[in-house]
Amino acid sequence: MITKENWHAITVEETLKRLDTTLLGLSWHQALARLKKYGPNKIPIEKKRTFGHRIFDQFNNILIYILLSAAVITALLQHWIDTSVILSVVVINAIIGLIQEGKAEKALEALKQMLPLYANVIRSGKRDRILADELVPGDMVLLRSGDKVPADLRLVKTANLQIQEALLTGESVPDQKHTFPVQVNTPLADRSSMAYSGTFVTYGTGMGIVVSTAKNTEVGHISTLLTGLPKLTTPLLQQMNKFARWLAIIILLFSLSIFLFGVIFRQYPLQEMFLATVAIAVSVVPEGLPALITIILAVGVTRMARRNAVIRRLPAVETLSSVTVICTDKTGTLTRNELTVQRIITSNQQFFVSGSGYNDGGKIIYNNKEVDINQHPDLALLIRSCVLCNDAELKKENRDWHLYGNPMDGALLALGLKAGIQYKDEMDIYHRTDTIPFESIHKFMASLHHDHKGNAIIFVKGAPERILEMCSHQKKNQNIESIDKNYWQSQINHLAETGMRVLAFAYCSANRKYVSLLFKDVEKNLIFLGLVGLIDPPRIGARESVIDCQKAGIRIKMVTGDHRATARTVAEQVGINNQHVLVGENLDAMDDTMLEKWVDNVDVYARTTPEHKLRLITALRNKNHIIAMTGDGVNDAPALHHADIGIAMGYKGTDVAKEAAEIVLIDDNFVSIKHAVEEARVVYENLKKALLFILPTNGGEGLSIFFAILLGYTLPITPLQILWVNMITTVTLGLALAFEPPERHIMRQLPRNPKESLFTPFLLWRISFVSFFFVCSIFGLFIYEIKSGLDIFWIRTMVVNMLVLAEAIYVINCRKIFDSVLNKEGLLGSKPVLISILLVLVLQICFTYLPAMQFFFETKPISLNQWSLIFIIALSLFLIIEFEKTIARRFLKLYSRKQ
């Protein structure tokens, strides 16, 4: 039984019968009944989250719950300043998260726009124009050049009909359509008896029966795939959520233990212990960390934007740093999506053509020298036939060339420009009298021309095998001789094996009285001129970018809807392993287990469908890869959405692809992906530096309060003072780390293991090590000054200033995780760090000496001798950490040698 997916494989008569319709179309009564049955021709869109839900999500974080609890406690105790400061921090973080939230719902909204507003139909035997939403299966739709196909159609009539299906198939050349059924297992890109919803008619006219509407169309099927795919969270978010849960548990247990200990064993007043507990929670909770992570990601986004990669969702920056595989489309991604003539073959010579695109840039080369076509008459006549037997037009507008017509014809006109042959000039000399348009049935185009002397000449171009059948002679050195079909067939095979599209050209003289062109005039006795090989060339810099990514440990896989030979050739040109090529039929024959065995060994996949791309991504994910998927068409959208990170083309990409992706490349250039990966790795390194900066200082503050309670001392620093320290150091010193340049050889390192925790053993060691010395510094200074008899307000002022100054110097340590900063570049090489240190010192002077600040934070002015002691402690901490780095570097070198 023929299923609905196989309309391409049945005859027109069978289609009419199954849909209970005729070439005169449905009656209005039938159409109305079917509209009620099948529903409107619209793609359903999922409901978006409300604004209220989005706001709630910003507070749905366990660390935020702790801060809110602290705010409630301080409010109950009527410590309104503490309450307002805590709530301000929470609200600011929520606003930042709301602003930066992604817009994934737009992917389905963009799919809705794929359907045109109106359709030309035949109903009850009469032509009419209706809303495309009202189309139903069985409707008869008329198509003409410039139309967007309104539904999936089984074609019943065609006249030179060509449809651009790149958004579904990835093919850069419009597909020639006819009405004959094709094999059931024919890939979508080769179903020439079908016209699919959302594609564009570029040439000719046609008529088709609506066989599928709305979500049952190919575009609608893609929307279903998008709807059913969960969007995976990123490794960073997974780890930060895990870290937040564990930290929250530790904070709660730690605070509760301190509270009970203080009340039961130290017999502190209940209110004082509540405040101490709040102080511990506030000091340990890295309330500035979410905002700082957002800022670091945003700085990375800005850097990437300058390098033509626009980030639509901030976590995507981090994901790129751990990507192990990039599944890239070919057309428009690795290639320019512009056909270009690269090879010309005459009867005794082969010419190479440089340049790419529909413009005059490039040369014709023979024996490594630029060709003067006046010295090669056979070549000149062949190029003249390319220009004259042509239905396209190239216009230069505002210094840019624009193509009007078929891409293949545009490439031939560009060849003429490189040879110095202008289309309009040639048409003035050789006026076109008549033409036989290209038809897939006869596989050629012919044009009749007359010059000013009255001479007539016929040029013919088309499929090589068909042109060979029509020729009895060939042109060679301006002479006419019997054709050597074996020679030409070998050249055709060679060009096809290299992935080129091949056109053949021929000509013959005609009676000057001819004004109309008939098939009998060109079916035999033509003179073969030569062959032209066309290809969609790789983008400039694509090969270098692919190689750089491979050196960075990233596997590049080409996944395209194009032919095997073309895919293999492009892969070789850009440096992708093409030893094995799997086509869609191979993938269909494999089960998921078999595909997983092959997926690591094959880097080129041809004639693929959206389902194939999803299966590949699933297989790669099961092999523990982090996958990026690039693409530009509607057919890429499900894979872009399902991959760990989707990268869409911004210039030639569809809105659907852009909305499904996390990253959009402004220039559609693969080299921008390499730059994005590099910047992402820098962002991840800077995130680690931020953690190394924030967590030890917070830990030192919390442990200092803990030891004070444990030993029966008053608090060395108040909750409000802790919030001051955390606020000014996070938004100044922590922010400066977001601008750190890349470490050496960052693009020679392997991608971070997706399973590797952000908090590696070394990172945890460094945090613990620094926290210990911060505790020693804070508590040591506190005990020393208490024993010296200094008032508690002066002591706390000294502790706060020592803590801030130590953090200001410690941020220099954090500029390099392993390398020493005891050099000019390490100490003075970052303007943001130096500016932030200066700003912190100014703020801290205000904190210490301004009367308003003294009243608000309960501080007192301190002397120069006290500042000297603070500086000595902070500098000692700096040198201790640099000494630890030296030991760590030696340990790592020893470990590497043993490995």
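A quick note: this is a predicted structure, and the numbers were derived from the prediction, not measured.

Asks: Describe the overall build of the protein, and please don't skip the residues or the numbers.
Replies: Helix and strand content of the protein: 33 helices and 28 strands. Here the protein holds 899 residues, and 57% of them are scored as buried. Excluding contacts between residues fewer than 6 apart, the proportion of contacts in the protein whose partners are at least 24 apart in sequence is 72%. Element-wise, carbon and sulfur atoms account for 58% of the exposed surface of the protein, whose accessible area totals about 38800 Å².

Asks: Please provide a residue-by-residue account of the pattern of salt bridges, values included.
Replies: Under the defined criterion, the tally for this structure stands at 29 salt bridges. Here glutamate 740 and arginine 815 are joined by a salt bridge, their closest N and O atoms 2.9 Å apart. Taken together, the positions of glutamate 740 in the loop between helix H27 (719-736) and helix H28 (761-787) and arginine 815 in the loop between helix H29 (792-813) and helix H30 (824-828) put the pair 75 residues apart, joining distant regions of the chain. Judged by its relative accessible area of 1%, arginine 815 is buried. Look at the salt bridges and you will find they share partners, linking Arg303, Arg307, Glu678 and Glu679 into a network.

Asks: Quick one: what's the story with the packing of aromatic side chains, residue by residue and with numbers?
Replies: Here the structure, examined in full by the defined rule, presents 20 aromatic pairs. An aromatic cluster is present here, built from Phe706, Phe707, Tyr713, Phe779 and Phe782 joined pairwise through their rings. Across the ring face of tryptophan 7, the terminal group of arginine 18 is positioned such that the distance to the ring centre comes to 4.5 Å. If you follow lysine 860 out to its NZ or CZ, it ends over the ring of phenylalanine 793, 5.9 Å from the centre.

Asks: Account for the pairing of strand S9 (residues 325-328), with residues named and values stated.
Replies: On any regular strand, side chains alternate: one points to one face of the sheet, the next to the other face. Of the two faces of S9, the one carrying Val325 and Cys327 and the one carrying Ile326 and Thr328 are both buried. In terms of strand pairing, S9 meets strand S23 (residues 555-559) through 4 bridges, oriented parallel. Among the inter-strand pairings, cysteine 327 is bridged to a residue of S23, identified as lysine 557. One ladder, built from 3 bridges, connects S9 with strand S26 (residues 627-631); its direction is parallel.

Asks: Account for the packing of helix H19 (residues 542-551) against helix H20 (residues 564-574), naming residues and giving values.
Replies: When two helices pack together, their arrangement is given by the angle between their axes and by how far apart the axes lie. Between H19 and H20, the least distance of the axes is 8 Å, while the angle of their chain directions is 75 degrees. With respect to their mutual orientation, H19 and H20 come out roughly perpendicular. Counting all contacts with H19, which are made through Ala542, Arg543 and Val546, the residues of H20 involved are Glu572, Gln573 and Val574. Grouping the constituent residues of the contact of H19 with H20 by class yields 3 nonpolar, 1 polar and 2 charged.

Asks: Any chance you could break down the side chain of asparagine 801 for me, citing the residues and the numbers?
Replies: Of note, asparagine 801 is situated in helix H29. The exposure class assigned to asparagine 801 is buried, which follows from its relative accessible area of 1%. A distance of 2.8 Å separates a polar side-chain atom of asparagine 801 from the backbone oxygen of threonine 797. Once residues within four sequence positions are removed from consideration, asparagine 801 is found in contact with Gln844, Thr848, Ile862, Trp867 and Ile870.

Asks: I'd like a description of unusual backbone geometry, backed by residues and values.
Replies: We note that alanine 214 has phi near 50 degrees; this positive angle belongs to a residue other than glycine. Given the relative accessible area of 9%, alanine 214 is considered buried. Although it is not a glycine, asparagine 398 adopts a positive phi angle of roughly 55 degrees. Overall, asparagine 398 belongs to the exposed group, its relative accessible area being 73%.

Asks: With reference to specific residues and values, describe helix H23 (residues 610-622).
Replies: Taking 1.5 Å per residue, 13 residues should reach 18 Å; H23 reaches 19 Å between its end C-alpha atoms and fits that length. Where H23 is concerned, the buried positions are Pro610, His612, Lys613, Leu614, Leu616, Ile617, Ala619, Leu620 and Arg621. Once H23 finishes, asparagine 624 follows within two positions and takes phi at roughly 70 degrees, a positive value.

Asks: An account of the environment of tyrosine 358 is requested, with residue identities and associated values reported.
Replies: Of note, tyrosine 358 is situated in the loop between strand S11 (350-353) and strand S12 (364-366). Under the relative-accessibility criterion, tyrosine 358 is labelled buried at 12%. Residues in contact with tyrosine 358, not counting those within four places in the same chain, are Glu338, Leu339, Leu394, Trp401, Leu403, Pro407, Gly410, Ala411 and Ala414. Reaching out from tyrosine 358, the side chain makes a polar contact with the backbone nitrogen of leucine 339 at a distance of 3.1 Å.

Asks: Any chance you could break down the nonpolar core for me, citing the residues and the numbers?
Replies: Counting 69 residues, the largest nonpolar core has Phe693, Trp724, Phe759, Tyr810 and Val811 as its most contacted members. Listed by contribution, the elements that provide at least two residues to this core are helix H9 (235-264), helix H26 (671-710), H27, H28, H29, helix H31 (831-849), helix H32 (851-857) and helix H33 (864-898). Here the element with the most residues in this core is H29; it accounts for 14 residues. Ignoring sequence-local partners within four residues, the contact set of tyrosine 810 consists of Leu692, Phe693, Pro696, Thr697, Val770, Phe774 and Ile881. Ranked by size, the runner-up nonpolar core spans 49 residues in total, among them Ile311, Cys549, Ala567 and Ala738.

Asks: An account of the confidence of the model for the protein is needed here, citing residue identities and associated values.
Replies: Detailed reading of the predicted model is not advised wherever pLDDT is low. Residue-level pLDDT values for the protein average 84, and 86% of them are 70 or greater. This stretch, residues 100-116, has a pLDDT under 50; its non-local contacts, to residues over four places away or in other chains, come to 53 contacts. The model gives residues 228-232 a pLDDT under 50, and that stretch makes 12 contacts with residues more than four places away or in other chains.

Asks: Outline a nonpolar patch on the surface, listing residues and values.
Replies: Judged by side-chain polarity, Leu822, Leu827, Leu828, Leu834, Phe871, Ile872, Leu875 and Leu879 come together as a nonpolar surface patch covering roughly 710 Å² of accessible area. Looking at the nonpolar patch, the elements that each hand over two or more residues are H30 and H33. Sorting elements by how many residues they give to the nonpolar patch places H33 first, with 4 residues.

Asks: So, the sheet that holds S26: which residues are in play, and what are the values?
Replies: Spatially, S8-S28-S27-S26-S9-S23-S25-S24 is the arrangement adopted by the 8 strands of the open sheet, whose pairing is mixed. Looking along the sheet, the strands with just one partner apiece sit at the ends: strand S8 (309-311) and strand S24 (581-583). When the angles between neighbouring strand axes are averaged without regard to direction, this sheet yields 20 degrees. Packed on one face of the sheet, H20 meets S23, S24 and strand S25 (604-606) and runs near 155 degrees to S25.

Asks: Could you give me a rundown of the packing of H29 against H31, with the residues and numbers involved?
Replies: Here H29 crosses H31 at 175 degrees, and the two axes come no closer than 10 Å. Between H29 and H31, the crossing angle belongs to the class labelled roughly antiparallel. Here Thr797, Val800, Asn801, Val804, Leu805, Ala808, Val811 and Ile812 of H29 lie close against H31, whose contacting residues are Val833, Ile837, Val840, Leu841, Gln844, Phe847 and Thr848. In terms of residue class, the contact of H29 with H31 is made up of 11 nonpolar, 4 polar and no charged.

What counts, and at which threshold
- Residues numbered from 1 in each chain as written.
- Predicted model: local features only at pLDDT ≥ 70, side-chain atom pairs only at ≥ 80, totals over all residues.
- Heavy atoms only, no water.
- Helix = DSSP H or I, 4+ residues; strand = E, 2+ residues; numbered from the N terminus.
- Buried < 20%, exposed > 50% of the residue type's maximum accessible area, 1.4 Å probe, protein only.
- Contact = heavy atoms within 4.5 Å.
- Areas by Shrake-Rupley, 256 points an atom, 1.4 Å probe, with all protein chains shown as cover.
- Salt bridge = Lys/Arg side-chain N within 4 Å of Asp/Glu carboxyl O.
- Phe/Tyr/Trp six-rings, centres within 6.5 Å; stacked < 30°, edge-to-face > 60°.
- Lys NZ or Arg CZ within 6 Å of the ring centre and 35° of its normal.
- Pairing = 2+ DSSP bridges.
- Axes fitted to C-alpha atoms, helices over the stretch in contact; angles between N-to-C directions.
- Parallel < 35°, antiparallel > 145°, perpendicular 65-115°, else oblique.
- Nonpolar A, V, L, I, M, F, W, Y, C, P; charged D, E, K, R; others polar.
- Polar contact = N/O pair within 3.5 Å; in protein donor to acceptor, adjacent residues only side chain to side chain.
- Expected span 1.5 Å × (residues − 1).
- Core = buried A, V, L, I, M, F, W, Y, C linked by side-chain atoms within 4.5 Å.
- pLDDT = per-residue confidence, 0-100.
- Patch = residues over 30% accessible without salt bridge, like charges linked within 9 Å, V, L, I, M, F, W, Y side chains within 5 Å.

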